[in-house]
Amino acid sequence: MAVKDRDRFSTATRLRLLGEQTAARVYRSQNRRQARRSRLTGRAAFLALVLCSLVVALAYPMRQYVSQRDEIADQRRILRDAGQRTEQLRDEKARLQDDAYIRRLAREHLHYVMPGETGYTVVAPDAGEKDRDGSGASGSPWPTSLWNGVDRADRG
């Protein structure tokens, strides 16, 4: 028994036992760490794969949905504008049925006067001086300006 006790308490035996225990602890901790990492990494990778596939699968339909909504809004705006224009044209048509409105338009735009009235045209004071010398805005007589315009139009 003395040999056994002495062997049990020898330095070499103790170091060997400590080394085995330490190796067992390191092995267990590495296995736990690797098991934990691999499980977490696999789950995270699967989750990332699922999320990426969802994003890719939904990106094009969402883009189409948004562009179609914009197109619908544009068409509704065009329809509203066309409705307003239609109402304006109906109002104009109703006004054109009135003879007094037609007379007023003829007086304003065509400078018509009723029988017995005298029509006047107001001319700006400096407009008469330009007309007397026969030159237009360019300073040359109007026939020259006309032919220059025709020549420029022929050149393309």
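On a predicted model such as this, the values are computed, not experimentally measured, just so you know. The numbers attached to residues start from 1 for each chain and follow its sequence in the written order. It should be noted that, the model being predicted, local features are given only for residues of pLDDT at least 70 and side-chain atom pairs only at 80 or more, the latter also being counted only at that level, while totals for whole chains, interfaces and linings use all residues. With hydrogens and water excluded, all non-hydrogen atoms of the structure serve as input to the side-chain values.

1. A short note on unusual backbone geometry
Glycine aside, negative phi is the norm for most residues, and most peptide bonds take the trans geometry.
Here comes step 1: We note that His-111 has phi near 60°; this positive angle belongs to a residue other than glycine.
Here comes step 2: What counts as a helix is a DSSP run of H or I of at least four residues, what counts as a strand is a run of E of at least two, and both are numbered from the N terminus. Along the chain, His-111 falls in the loop between α3 (99–110) and α4 (127–133).
Here comes step 3: Since its relative accessible area comes to 64%, His-111 is described here as exposed. Partly exposed residues are those whose accessible area sits between 20% and 50% of the maximum for their type, while under 20% is buried and over 50% is exposed, using a 1.4 Å probe and protein chains only.

2. Details of a nonpolar patch on the surface
Here comes step 1: On the surface, Phe-46, Leu-47, Leu-49, Val-50, Leu-51, Leu-54, Leu-58, Met-62, Tyr-65 and Val-66 cluster together to form a nonpolar patch covering roughly 1000 Å² of accessible area.
Here comes step 2: Relative to the assigned elements, Met-62 resides in helix α2 (residues 11–96).
Here comes step 3: Among the residues examined, Met-62 registers a relative accessible area of 48% and is labelled partly exposed. Nonpolar side chains (Val, Leu, Ile, Met, Phe, Trp, Tyr) within 5 Å and like charges within 9 Å form the patches, drawn only from residues with over 30% relative accessible area and no salt bridge. Exposure was quantified through the Shrake-Rupley algorithm and a 1.4 Å probe, taking into account, for residues, occlusion by the shown protein chains and nothing else. Salt bridges, as used here, are contacts in which a Lys or Arg side-chain nitrogen is within 4 Å of a carboxyl oxygen on Asp or Glu.

3. With respect to the pattern of salt bridges
Here comes step 1: Here the structure, examined in full by the defined rule, presents five salt bridges.
Here comes step 2: Here Arg-77 makes a salt bridge to Asp-81, at a shortest N to O gap of 3.6 Å. One end of the pair, Arg-77, and the other, Asp-81, are both in helix α2, four residues apart, so they sit about a helical turn from each other.
Here comes step 3: Overall, the relative accessible area of 37% leaves Arg-77 in the partly exposed class.
Here comes step 4: The partner of Arg-104 in a salt bridge is Glu-108, and the shortest N-O contact between them spans 3.3 Å. Remark: Glu-108 and Arg-104 occur in helix α3; sequence separation between them is four residues, near one turn of the helix.

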